[in-house]
Amino acid sequence: MSDPFDRLGTLEAHIWARLAEGAADARDPFRFVTLATIGADGPEARTVGLRRADRAAREVEVHSDLRTAKVRALEGDPRAEILCWGAAVQLQVRLRVRVTFLPADPDRWARVPDEARLNYGTDPAPGTAIPAPETLRRTPDIARFVALLGRVERIDVVSLAHDPHRRAIFAPEGRWVAP
Ligand SMILES: Cc1cc2nc3c(=O)[nH]c(=O)nc-3n(C[C@H](O)[C@H](O)[C@H](O)COP(=O)(O)O)c2cc1C
């Protein structure tokens, strides 16, 4: 079987296909990824669900609550990095993105499952101090829902499954680099 890591063209296609699988399947290793932003107090990183990956548009999508710290950070600086790690295939993918916001989009909201909608309706707002966990209220609210659209400016791929390891950067032209 041919190895997508043998050529830059097949590798880039393979990476976008892996991202699309993550967005489509909650059990896929590329579903839950790390989103790193630049906050007022320095770097911030957290786990988020990858919701869409579109190679033609060079865009990925993440959903969140408008009132979170990550949204505040991205309002101040739209640059972010998304980190994916597939342990089974020993593959790291880093996406350098520039994020714009699409708040309260009815089409996207219609596709959010009821259970997930509860994440966009916490009272009080995410990060607010509460006297005890059971005092939290949750009322799904489209007004709090935001799609974060990440325009992919650079992809950095590392495979530990190869010996020696292989690494390539697409920005957007691809090139091999020493791992
Ligand atoms: C497996 C997992 C998936 C998560 N998915 C999301 C998500 O898709 N969107 C989101 O805003 N927060 C998600 N979170 C919660 C964030 O990691 C984070 O705790 C929360 O959004 C507050 O982050 P912030 O204060 O840095 O904005 C997820 C957490 C875990 C553990």
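One can find the structure itself at the top, above this paragraph.
Nothing here was measured: the structure is a model prediction, and the numbers come from that model.

Novice: Please provide a residue-by-residue account of the overall build of the chain, values included.
Specialist: In terms of regular secondary structure, the chain is built from 4 helices and 10 strands. In sequence order, the secondary structure elements of the chain are arranged as α-β-β-β-α-β-β-α-α-β-β-β-β-β. The C-alpha atoms of the chain give a radius of gyration of 18 Å, which matches the 16 Å a tight globule of 179 residues would have. Dimensions along the principal axes, computed over C-alpha positions, put the chain at roughly 55 × 35 × 30 Å. Sorting the 179 residues of the chain into buried and exposed places 41% on the buried side. Sequence separation of at least 24 residues holds for 59% of the intrachain contacts in the chain that already meet a minimum separation of 6. Element-wise, carbon and sulfur atoms account for 53% of the exposed surface of the chain, whose accessible area totals about 9,800 Å². With 27 positive and 26 negative side-chain charges, the chain shows a spacing of 2 Å between the two charge centroids.

Novice: Break down the side chain of Glu-61 for me, with residues and values.
Specialist: Relative to the assigned elements, Glu-61 resides in strand 3 (residues 59-65). A relative accessible area of 3% means that Glu-61 is categorised as buried. Within the structure, Glu-61 has its side chain in polar contact with the side chain of Arg-108 (distance 2.7 Å). Among all residues touching Glu-61, those that are not within four sequence positions of it are Gly-49, Leu-50, Arg-51, Arg-52, Arg-108, Ala-147, Leu-148 and Leu-149.

Novice: Go over empty space enclosed by the protein, please, and point to the residues and values.
Specialist: One pass over the full model with this rule turns up 1 cavity of 30 Å³ or more. The calculated volume of the largest cavity comes to roughly 40 Å³. As for the largest cavity, its lining consists of Leu-35, Val-60, Val-62, Ile-82, Val-97, Val-99, Leu-148 and Gly-150. If you list the elements that add at least two residues to the lining of the largest cavity, you get strand 3, strand 5 (91-103) and strand 8 (145-159). Grouping the amino acids of the lining of the largest cavity by side-chain chemistry returns 7 nonpolar, 1 polar and no charged.

Novice: An account of unusual backbone geometry is needed here, citing residue identities and associated values.
Specialist: The peptide bond linking Asp-163 to Pro-164 adopts the cis configuration, its omega dihedral lying at 0 degrees. Topologically, Pro-164 is positioned in the loop between strand 8 and strand 9 (166-170). Here the phi dihedral of Arg-58 falls at roughly 50 degrees; this positive angle occurs in a residue that is not glycine.

Novice: So what's going on with the pattern of salt bridges? Residues and values would help.
Specialist: Where charged atoms of side chains with opposite charge meet at close range, the side chains can pair. Taken as a whole and assessed by the stated rule, the structure comprises 21 salt bridges. Across the pair Arg-18 and Asp-28 runs a salt bridge whose closest N-O atoms are separated by 3.6 Å. Taken together, the residues Arg-18 in helix 1 (residues 8-24) and Asp-28 in the loop between helix 1 and strand 1 (32-39) connect sequence positions 10 residues apart. Each member of the pair, Arg-18 together with Asp-28, is buried. Salt-bridge contacts for Glu-81 lead to Arg-96; the nearest nitrogen and oxygen are separated by 3.9 Å.

Novice: Tell me about the site of the ligand, and please be specific about residues and values.
Specialist: Within the structure, the ligand sits among Phe-32, Arg-46, Thr-47, Val-48, Gly-49, Arg-51, His-63, Ser-64, Thr-68, Ala-69 and Lys-70. Contact distances for the ligand include 2.6 Å between an oxygen atom and a side-chain N or O atom of Ser-64. Of all the secondary-structure elements, those providing two or more residues to the shell around the ligand are strand 2 (42-54), strand 3 and helix 2 (69-76). The dominant element in the shell around the ligand, judged by the number of residues it contributes, is strand 2, at 5 residues. Of the residues assigned to the shell around the ligand, the class counts are 3 nonpolar, 5 polar and 3 charged.

Rules used throughout
Residues numbered from 1 in each chain as written. Predicted model: local features only at pLDDT ≥ 70, side-chain atom pairs only at ≥ 80, totals over all residues. Heavy atoms only, no water. Helix = DSSP H or I, 4+ residues; strand = E, 2+ residues; numbered from the N terminus. Rg over C-alpha atoms; globule rule 2.2 N^0.38 Å. Buried < 20%, exposed > 50% of the residue type's maximum accessible area, 1.4 Å probe, protein only. Contact = heavy atoms within 4.5 Å. Areas by Shrake-Rupley, 256 points an atom, 1.4 Å probe, with all protein chains shown as cover. Lys, Arg positive; Asp, Glu negative; His and termini not counted. Charge placed at Lys NZ, Arg CZ, Asp CG, Glu CD. Polar contact = N/O pair within 3.5 Å; in protein donor to acceptor, adjacent residues only side chain to side chain. 1 Å grid on protein atoms, 1.4 Å probe; cavity = no way out; pocket = protein on both sides within 12 Å on 5 of 7 lines; lining within 4 Å. Points joined across faces, edges and corners; volume = space filled by probe spheres on them. Nonpolar A, V, L, I, M, F, W, Y, C, P; charged D, E, K, R; others polar. Salt bridge = Lys/Arg side-chain N within 4 Å of Asp/Glu carboxyl O. Near = heavy atom within 4 Å.

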